[in-house]
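For reference, the chains in residue letters:
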Amino acid sequence: MVTVKTIASMKQKQERIVCLTAYDYPMACIVDKAGIDIILVGDSAANVFAGEKNTLPITMEEMLYHTRIVSRAVKNGLVIADMPFLSYQTSIRDAVYNAGRFLKVGAAGVKLEGGTPILAMIERLIALGIPVMGHLGLTPQSIHKFGGYKLQGRSEDSKSRLLADAKLLEEAGCFAVVLEKIPVSLAKEITASVSIPTIGIGAGPFCDGQILVLHDMIGLFDDFSPKFVKRYAQVGEAIRQAVEQYRDEVRKGVYPDKAHSFD
Ligand code: KIV
(Lines give C-alpha, C1' and ligand atoms only; values in the text may rest on other atoms or scores of the structure.)
Protein backbone atom coordinates (compact mmCIF):
# COMPACT_ATOMS: atom_id res chain seq x y z
CA MET A 1 0.00 0.00 0.00
CA VAL A 2 1.28 3.44 -0.91
CA THR A 3 1.71 5.80 2.07
CA VAL A 4 3.01 9.34 2.38
CA LYS A 5 6.33 7.79 3.46
CA THR A 6 6.43 5.78 0.21
CA ILE A 7 5.90 9.00 -1.77
CA ALA A 8 8.69 10.80 0.10
CA SER A 9 11.10 7.91 -0.44
CA MET A 10 10.33 7.80 -4.18
CA LYS A 11 12.01 11.19 -4.64
CA GLN A 12 15.12 9.92 -2.86
CA LYS A 13 15.17 6.81 -5.07
CA GLN A 14 14.50 8.97 -8.16
CA GLU A 15 11.37 6.95 -8.98
CA ARG A 16 8.77 9.01 -10.81
CA ILE A 17 5.45 9.38 -8.99
CA VAL A 18 2.34 8.80 -11.11
CA CYS A 19 -0.89 10.47 -10.04
CA LEU A 20 -4.41 10.75 -11.47
CA THR A 21 -7.79 12.00 -10.32
CA ALA A 22 -10.86 9.85 -9.66
CA TYR A 23 -14.29 10.75 -8.36
CA ASP A 24 -16.29 7.51 -8.50
CA TYR A 25 -16.07 3.78 -7.73
CA PRO A 26 -15.57 2.21 -11.19
CA MET A 27 -12.97 4.75 -12.30
CA ALA A 28 -11.12 4.55 -8.97
CA CYS A 29 -11.01 0.72 -9.27
CA ILE A 30 -9.46 1.00 -12.76
CA VAL A 31 -6.95 3.66 -11.75
CA ASP A 32 -5.92 1.75 -8.64
CA LYS A 33 -5.57 -1.59 -10.45
CA ALA A 34 -3.32 0.18 -12.98
CA GLY A 35 -0.87 0.91 -10.14
CA ILE A 36 -1.26 4.69 -9.90
CA ASP A 37 0.60 5.96 -6.81
CA ILE A 38 -1.61 8.89 -5.75
CA ILE A 39 -5.33 9.02 -6.51
CA LEU A 40 -6.54 12.57 -6.02
CA VAL A 41 -10.22 13.20 -5.42
CA GLY A 42 -9.81 16.56 -7.12
CA ASP A 43 -12.18 19.48 -6.88
CA SER A 44 -11.87 19.36 -10.69
CA ALA A 45 -14.94 17.11 -10.19
CA ALA A 46 -16.80 20.43 -10.26
CA ASN A 47 -15.76 20.89 -13.93
CA VAL A 48 -15.43 17.47 -15.48
CA PHE A 49 -17.99 15.55 -13.41
CA ALA A 50 -20.61 18.17 -12.57
CA GLY A 51 -20.26 20.54 -15.56
CA GLU A 52 -19.54 23.69 -13.55
CA LYS A 53 -17.51 26.53 -15.15
CA ASN A 54 -14.82 26.41 -12.43
CA THR A 55 -14.02 24.60 -9.17
CA LEU A 56 -15.51 27.20 -6.83
CA PRO A 57 -19.06 25.83 -6.49
CA ILE A 58 -18.22 22.30 -5.27
CA THR A 59 -19.14 21.79 -1.61
CA MET A 60 -17.68 19.86 1.31
CA GLU A 61 -20.64 17.46 1.23
CA GLU A 62 -20.09 16.72 -2.48
CA MET A 63 -16.34 16.24 -2.00
CA LEU A 64 -16.97 13.95 0.98
CA TYR A 65 -19.29 11.83 -1.16
CA HIS A 66 -16.67 11.47 -3.91
CA THR A 67 -13.92 10.77 -1.36
CA ARG A 68 -15.97 8.09 0.41
CA ILE A 69 -16.68 6.13 -2.77
CA VAL A 70 -13.15 6.48 -4.16
CA SER A 71 -11.69 5.33 -0.82
CA ARG A 72 -13.99 2.29 -0.94
CA ALA A 73 -12.53 1.34 -4.34
CA VAL A 74 -8.83 1.92 -3.71
CA LYS A 75 -6.81 -0.96 -2.27
CA ASN A 76 -3.25 0.15 -3.03
CA GLY A 77 -2.88 3.82 -4.01
CA LEU A 78 -2.74 6.84 -1.71
CA VAL A 79 -6.12 8.61 -1.65
CA ILE A 80 -5.82 12.37 -1.22
CA ALA A 81 -8.87 14.63 -0.96
CA ASP A 82 -8.88 18.12 -2.39
CA MET A 83 -10.21 20.63 0.12
CA PRO A 84 -12.85 22.71 -1.67
CA PHE A 85 -13.02 26.50 -1.80
CA LEU A 86 -13.90 28.04 1.61
CA SER A 87 -13.38 24.80 3.53
CA TYR A 88 -9.96 25.89 4.88
CA GLN A 89 -9.29 29.56 4.02
CA THR A 90 -11.69 30.88 6.67
CA SER A 91 -9.88 29.71 9.84
CA ILE A 92 -7.55 27.13 11.32
CA ARG A 93 -10.57 25.62 13.06
CA ASP A 94 -12.45 25.17 9.76
CA ALA A 95 -9.36 23.70 8.12
CA VAL A 96 -8.87 21.14 10.91
CA TYR A 97 -12.54 20.22 11.12
CA ASN A 98 -12.99 19.80 7.36
CA ALA A 99 -9.68 17.99 6.78
CA GLY A 100 -10.60 15.63 9.59
CA ARG A 101 -13.91 14.87 7.90
CA PHE A 102 -12.01 13.70 4.79
CA LEU A 103 -9.88 11.36 6.87
CA LYS A 104 -13.02 9.97 8.52
CA VAL A 105 -14.40 8.90 5.10
CA GLY A 106 -11.16 7.22 4.03
CA ALA A 107 -8.66 9.76 2.64
CA ALA A 108 -5.05 9.45 3.78
CA GLY A 109 -4.41 13.17 3.41
CA VAL A 110 -5.67 16.43 1.96
CA LYS A 111 -4.56 18.94 -0.67
CA LEU A 112 -4.84 22.70 -0.13
CA GLU A 113 -4.18 25.43 -2.69
CA GLY A 114 -1.74 28.22 -1.86
CA GLY A 115 1.36 29.10 0.13
CA THR A 116 1.97 31.95 2.58
CA PRO A 117 -1.69 32.98 3.13
CA ILE A 118 -2.67 29.50 4.35
CA LEU A 119 0.58 28.44 5.99
CA ALA A 120 -0.88 28.58 9.51
CA MET A 121 -3.66 26.17 8.46
CA ILE A 122 -1.19 23.78 6.83
CA GLU A 123 1.13 23.81 9.86
CA ARG A 124 -1.76 23.01 12.20
CA LEU A 125 -3.05 20.12 10.08
CA ILE A 126 0.41 18.58 9.92
CA ALA A 127 0.96 19.07 13.67
CA LEU A 128 -2.29 17.18 14.24
CA GLY A 129 -1.18 14.25 12.08
CA ILE A 130 -3.08 15.10 8.90
CA PRO A 131 -0.80 14.71 5.85
CA VAL A 132 -0.92 17.70 3.50
CA MET A 133 -0.12 18.02 -0.17
CA GLY A 134 0.55 21.60 -1.26
CA HIS A 135 -0.52 23.15 -4.56
CA LEU A 136 1.25 26.16 -6.11
CA GLY A 137 1.28 27.96 -9.46
CA LEU A 138 -2.05 28.10 -11.23
CA THR A 139 -4.33 27.36 -8.30
CA PRO A 140 -7.81 27.16 -9.85
CA GLN A 141 -9.63 28.34 -6.70
CA SER A 142 -7.94 31.74 -7.33
CA ILE A 143 -9.15 31.91 -10.92
CA HIS A 144 -10.74 35.34 -10.45
CA LYS A 145 -7.49 36.77 -9.05
CA PHE A 146 -5.52 35.42 -12.05
CA GLY A 147 -8.17 36.51 -14.58
CA GLY A 148 -8.21 33.08 -16.26
CA TYR A 149 -6.25 29.84 -16.46
CA LYS A 150 -2.98 31.64 -17.22
CA LEU A 151 0.60 30.47 -16.95
CA GLN A 152 2.04 31.51 -13.56
CA GLY A 153 5.63 32.23 -12.53
CA ARG A 154 6.69 34.23 -15.57
CA SER A 155 7.71 37.49 -13.91
CA GLU A 156 10.73 37.65 -11.56
CA ASP A 157 8.43 38.59 -8.70
CA SER A 158 6.05 35.69 -9.28
CA LYS A 159 8.99 33.30 -9.73
CA SER A 160 10.62 34.23 -6.43
CA ARG A 161 7.27 34.08 -4.62
CA LEU A 162 6.65 30.55 -5.92
CA LEU A 163 10.17 29.43 -4.95
CA ALA A 164 9.76 30.91 -1.47
CA ASP A 165 6.32 29.31 -1.06
CA ALA A 166 7.64 25.90 -2.11
CA LYS A 167 10.33 26.22 0.57
CA LEU A 168 7.74 27.23 3.16
CA LEU A 169 5.56 24.22 2.30
CA GLU A 170 8.58 21.96 2.63
CA GLU A 171 9.46 23.47 6.03
CA ALA A 172 5.85 23.15 7.18
CA GLY A 173 6.06 19.40 6.49
CA CYS A 174 3.95 18.93 3.34
CA PHE A 175 4.64 15.46 1.95
CA ALA A 176 4.51 16.70 -1.68
CA VAL A 177 3.57 19.76 -3.68
CA VAL A 178 1.63 20.07 -6.93
CA LEU A 179 3.08 22.60 -9.38
CA GLU A 180 0.45 23.66 -11.91
CA LYS A 181 1.00 25.49 -15.18
CA ILE A 182 4.38 27.12 -14.60
CA PRO A 183 7.42 27.32 -16.93
CA VAL A 184 9.56 24.19 -17.24
CA SER A 185 12.68 26.01 -15.97
CA LEU A 186 10.93 27.20 -12.80
CA ALA A 187 9.48 23.74 -12.07
CA LYS A 188 12.99 22.33 -12.52
CA GLU A 189 14.46 24.90 -10.13
CA ILE A 190 11.78 24.28 -7.47
CA THR A 191 12.20 20.50 -7.81
CA ALA A 192 15.95 20.83 -7.25
CA SER A 193 15.58 23.18 -4.30
CA VAL A 194 13.11 21.23 -2.14
CA SER A 195 13.46 17.78 -0.59
CA ILE A 196 9.75 16.96 -0.97
CA PRO A 197 8.43 15.55 -4.27
CA THR A 198 7.02 17.99 -6.81
CA ILE A 199 4.06 16.74 -8.83
CA GLY A 200 3.67 18.60 -12.10
CA ILE A 201 0.64 19.39 -14.20
CA GLY A 202 1.54 21.63 -17.11
CA ALA A 203 4.95 22.09 -15.47
CA GLY A 204 7.16 20.04 -17.79
CA PRO A 205 9.21 16.87 -17.44
CA PHE A 206 11.56 17.73 -14.55
CA CYS A 207 9.11 17.33 -11.69
CA ASP A 208 9.35 14.25 -9.45
CA GLY A 209 5.91 13.10 -10.60
CA GLN A 210 3.01 14.00 -12.83
CA ILE A 211 -0.74 14.35 -12.38
CA LEU A 212 -3.55 14.72 -14.91
CA VAL A 213 -7.31 14.90 -14.64
CA LEU A 214 -8.50 11.42 -15.65
CA HIS A 215 -11.49 12.67 -17.66
CA ASP A 216 -9.19 14.93 -19.72
CA MET A 217 -6.60 12.25 -20.54
CA ILE A 218 -9.13 9.57 -21.53
CA GLY A 219 -11.25 11.89 -23.67
CA LEU A 220 -14.31 11.87 -21.44
CA PHE A 221 -14.46 15.65 -21.18
CA ASP A 222 -13.93 18.02 -24.06
CA ASP A 223 -15.49 21.34 -23.02
CA PHE A 224 -11.91 22.60 -23.02
CA SER A 225 -8.54 20.91 -23.24
CA PRO A 226 -5.39 22.59 -21.90
CA LYS A 227 -2.19 22.34 -24.00
CA PHE A 228 -0.50 20.13 -21.39
CA VAL A 229 -3.15 17.40 -21.60
CA LYS A 230 -2.24 14.37 -23.72
CA ARG A 231 -5.19 12.27 -24.87
CA TYR A 232 -4.47 8.60 -24.17
CA ALA A 233 -7.93 7.32 -25.19
CA GLN A 234 -11.21 8.44 -26.75
CA VAL A 235 -13.57 7.01 -24.16
CA GLY A 236 -16.29 9.60 -24.80
CA GLU A 237 -16.31 8.60 -28.47
CA ALA A 238 -16.47 4.87 -27.60
CA ILE A 239 -19.44 5.50 -25.28
CA ARG A 240 -21.21 7.57 -27.95
CA GLN A 241 -20.79 4.77 -30.51
CA ALA A 242 -22.13 2.16 -28.06
CA VAL A 243 -25.13 4.32 -27.16
CA GLU A 244 -25.93 4.95 -30.84
CA GLN A 245 -25.68 1.24 -31.66
CA TYR A 246 -28.02 0.41 -28.77
CA ARG A 247 -30.45 3.14 -29.93
CA ASP A 248 -30.48 1.74 -33.50
CA GLU A 249 -30.87 -1.89 -32.38
CA VAL A 250 -33.82 -1.07 -30.11
CA ARG A 251 -35.48 0.95 -32.86
CA LYS A 252 -35.00 -1.87 -35.41
CA GLY A 253 -36.06 -4.63 -33.00
CA VAL A 254 -32.60 -6.26 -33.16
CA TYR A 255 -32.13 -5.97 -29.39
CA PRO A 256 -33.10 -7.84 -27.26
CA ASP A 257 -32.52 -11.02 -29.29
CA LYS A 258 -32.83 -14.67 -28.19
CA ALA A 259 -29.38 -14.65 -26.55
CA HIS A 260 -30.44 -11.85 -24.23
CA SER A 261 -33.94 -13.15 -23.39
CA PHE A 262 -35.39 -15.92 -21.15
CA ASP A 263 -37.40 -18.90 -22.48
O1 KIV B 1 -8.65 19.26 -8.78
C2 KIV B 1 -7.74 18.67 -9.37
O3 KIV B 1 -7.97 17.72 -10.13
C4 KIV B 1 -6.38 19.12 -9.16
C5 KIV B 1 -5.29 18.54 -10.01
C6 KIV B 1 -5.46 18.99 -11.39
C7 KIV B 1 -3.97 18.83 -9.48
O8 KIV B 1 -6.16 19.93 -8.32
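Summary of the structure given here. Since we're looking at a predicted model, the values are computed, not measured.

Reading guide: rules and limits
- Residues numbered from 1 in each chain as written.
- Predicted model: local features only at pLDDT ≥ 70, side-chain atom pairs only at ≥ 80, totals over all residues.
- Heavy atoms only, no water.
- Helix = DSSP H or I, 4+ residues; strand = E, 2+ residues; numbered from the N terminus.
- Buried < 20%, exposed > 50% of the residue type's maximum accessible area, 1.4 Å probe, protein only.
- Lys, Arg positive; Asp, Glu negative; His and termini not counted.
- Salt bridge = Lys/Arg side-chain N within 4 Å of Asp/Glu carboxyl O.
- Contact = heavy atoms within 4.5 Å.
- Pairing = 2+ DSSP bridges.
- Axes fitted to C-alpha atoms, helices over the stretch in contact; angles between N-to-C directions.

Regarding the side chain of Glu180
At step 1: Mapped onto the elements of the fold, Glu180 is located in strand β6 (residues 176-180).
At step 2: Within the buried set, Glu180 has no salt-bridge partner at all; the shortest N-O distance to an opposite charge, 6.2 Å, is to Lys111.
At step 3: Residues contacting Glu180, with those up to four places away along its chain left out, are His135, Leu136, Gly137, Leu138, Pro140 and Ile201.

So, the environment of Ala45
At step 1: Looking at the secondary structure, you find Ala45 in helix α3 (residues 45-48).
At step 2: By relative accessible area, Ala45 is classed as buried at 0%.
At step 3: Each C-alpha atom of the pair Ala45 and Met217 lies 14 Å from the other, and the pair is 172 residues apart in sequence.

Structural notes on the sheet that holds strand β3 (residues 78-82)
At step 1: If you trace the eight strands once around the closed barrel, you get β1-β2-β3-β4-β5-β6-β7-β8, paired in parallel fashion. Across the sheet, the axes of successive neighbouring strands diverge by a mean angle of 25°, strand direction being ignored.
At step 2: Pairing of strand β4 (residues 109-111) with strand β5 (residues 132-137), which is carried by two bridges, proceeds in the parallel orientation. Bridging across to β5, Val110 finds its partner in Val132.
At step 3: Strand contacts of helix α8 (residues 156-172): β5 and β6, with the helix running at about 175° to β5, the strand carrying the most contacts.

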